[in-house]
Amino acid sequence: MSACGGVVGMIELDRITRGFQVGDQLVQALREVSLNITAGEFVSIMGPSGSGKSTLLNLLGLLDRPNSGTYRLDGLDVTGLDEVAAATVRREKIGFVFQFFHLIPRLTAAGNVALPLVLAGVAPSERKERVARLLADVGLSGRADHLPAQLSGGQLQRVAIARAMSMNPAILLADEPTGNLDRATGREVLALLEDLNQRGTTLIVVTHDQEIGARAGRRILMEDGRVVGDSISPSPSGVPQGRGFIRGSGRGSEAQTSANAESTVPPSPPAPPPRGEGSKP
Ligand SMILES: Nc1ncnc2c1ncn2[C@@H]1O[C@H](COP(=O)(O)OP(=O)(O)OP(=O)(O)O)[C@@H](O)[C@H]1O
Ligand SMILES: [Mg+2]
């Protein structure tokens, strides 16, 4: 599948801080956060509004950089990567799912899922095949030619998940992926994410939803920029199995390998959502 198929998404954060200067006020969004996440974990991140969850997720996804501290990803220090190198790592290892989907309105479902593959230079014939499979995996084969405006919320999020998985990333980061969905649709989306995790994807979900939090194998609680709780429980029973997502990737059984820091000029994955006014680290 992707060039980094053998790299599985091990995260090590050491005393990460991130502050935002707004006027003469400094907001400390993260205060010395140290955290290790093992490849294959399903981690939920919960906590009050403003506690730093999205800031942490953006840093994990290399959409933002800390003011201090170290971030190692698959053994590679990625803390100070420039934008081009960070984009390469993102493209190869990380998928994103957001609360408001962030699909491109004028592209069809298939076009949205294809975009990362286009940017990565995947040949049209292979692209077509992969897009068809990705859409089938999220149960949307019949909606390939629909524009986002012609899809329901749950369908939009499933397209976004298919897009996030198009490069078969080792890590899937989701920021309130069910926050804009009704409960039943949210459950379907969660089932898809859990299925991906069962197949080896490291899954990190920021959520206000207690149900999602409870289903995660590991629950991280944040308050005021700090990790104040971190508990591990055996994975819940009843997780759906065998839906066939990313068939044949086989990553779950692959051994970890060290990071492969490529230096080729990377096309960027879909743009991250705007973060508003903030100080550069
Ligand atoms: N770009 C920015 N510029 C200035 N301040 C910011 C920026 N991003 C985040 N902050 C501040 O950092 C703190 C943490 O924000 P963050 O978005 O990480 O919270 P959150 O836990 O995700 O909250 P929510 O549950 O409401 O999404 C908040 O006080 C927020 O106002
Ligand atoms: Mg947030």
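Overview of the structure. What you see is a predicted model, and the numbers here were worked out from it, not measured in a lab.

Time to look at the sheet that holds strand β5 (residues 76-77). Sheet architecture is open: four strands sit in the order β2-β1-β4-β5, paired in antiparallel fashion. The sheet terminates laterally at β2 (25-37) and β5, the two strands that pair on one side only. In terms of strand pairing, strand β1 (residues 11-22) meets β2 through nine bridges, oriented antiparallel. Paired with valine 22 across the bridge in β2 is glutamine 25.

Ranked by internal contacts, the top residues of the largest apolar core, which has 67 residues, are Val113, Leu135, Leu173 and Ile204. Excluding its chain neighbours within four sequence positions, the residues that come into contact with valine 113 are Val131, Leu134, Leu135, Val159, Ala162, Arg163 and Ser166.

This part covers unusual backbone geometry. Positive phi outside glycine occurs at leucine 62, with the angle close to 60°. Non-glycine residue aspartate 224 carries a positive phi angle of around 50°.

This next bit is on the packing of helix α5 (residues 153-164) against helix α6 (residues 183-198). Where α5 contacts α6, the two axes come as close as 9 Å, and the packing angle between them is 15°. With respect to their mutual orientation, α5 and α6 come out roughly parallel. As α5 packs across α6, the resulting crossing turns out to be right-handed. The segment α5 lies against α6, with Gly153, Gly154, Gln157, Arg158 and Ile161 engaging Thr185, Glu188, Val189 and Leu192. Grouping the constituent residues of the contact of α5 with α6 by class yields three nonpolar, four polar and two charged.

For α6, spanning 16 residues, the distance from its first C-alpha to its last is 22 Å, which sits close to the expected 22 Å at 1.5 Å a residue. All buried positions along α6 are accounted for by Gly186, Val189, Leu190, Leu192, Leu193, Glu194, Asp195, Leu196 and Asn197. One or two steps after α6, the chain reaches glycine 200, where phi turns positive at roughly 115°.

We now examine the packing of helix α3 (residues 109-119) against α5. Orientation of α3 relative to α5, taken along the N-to-C sense of each, is 25°, at an axis distance of 8 Å. By the angle class used here, α3 and α5 are roughly parallel. As for the relative orientation of α3 and α5, their crossing is right-handed in sense. Each of Ala109, Asn112, Val113, Leu115 and Pro116 in α3 lies in contact with α5, whose residues at this interface are Val159, Ala162 and Arg163. Per-class residue counts for the contact of α3 with α5 are six nonpolar, one polar and one charged.

What counts, and where the lines are drawn
Residues numbered from 1 in each chain as written. Chains lettered and ligands numbered in written order. Predicted model: local features only at pLDDT ≥ 70, side-chain atom pairs only at ≥ 80, totals over all residues. Pairing = 2+ DSSP bridges. Helix = DSSP H or I, 4+ residues; strand = E, 2+ residues; numbered from the N terminus. Core = buried A, V, L, I, M, F, W, Y, C linked by C-beta atoms within 7 Å. Buried ≥ 20, exposed ≤ 12 C-beta atoms within 10 Å, placed from the backbone. Contact = placed C-beta atoms within 7 Å. Axes fitted to C-alpha atoms, helices over the stretch in contact; angles between N-to-C directions. Parallel < 35°, antiparallel > 145°, perpendicular 65-115°, else oblique. Left-handed = near helix turned anticlockwise from the far one by under 90°. Nonpolar A, V, L, I, M, F, W, Y, C, P; charged D, E, K, R; others polar. Expected span 1.5 Å × (residues − 1).

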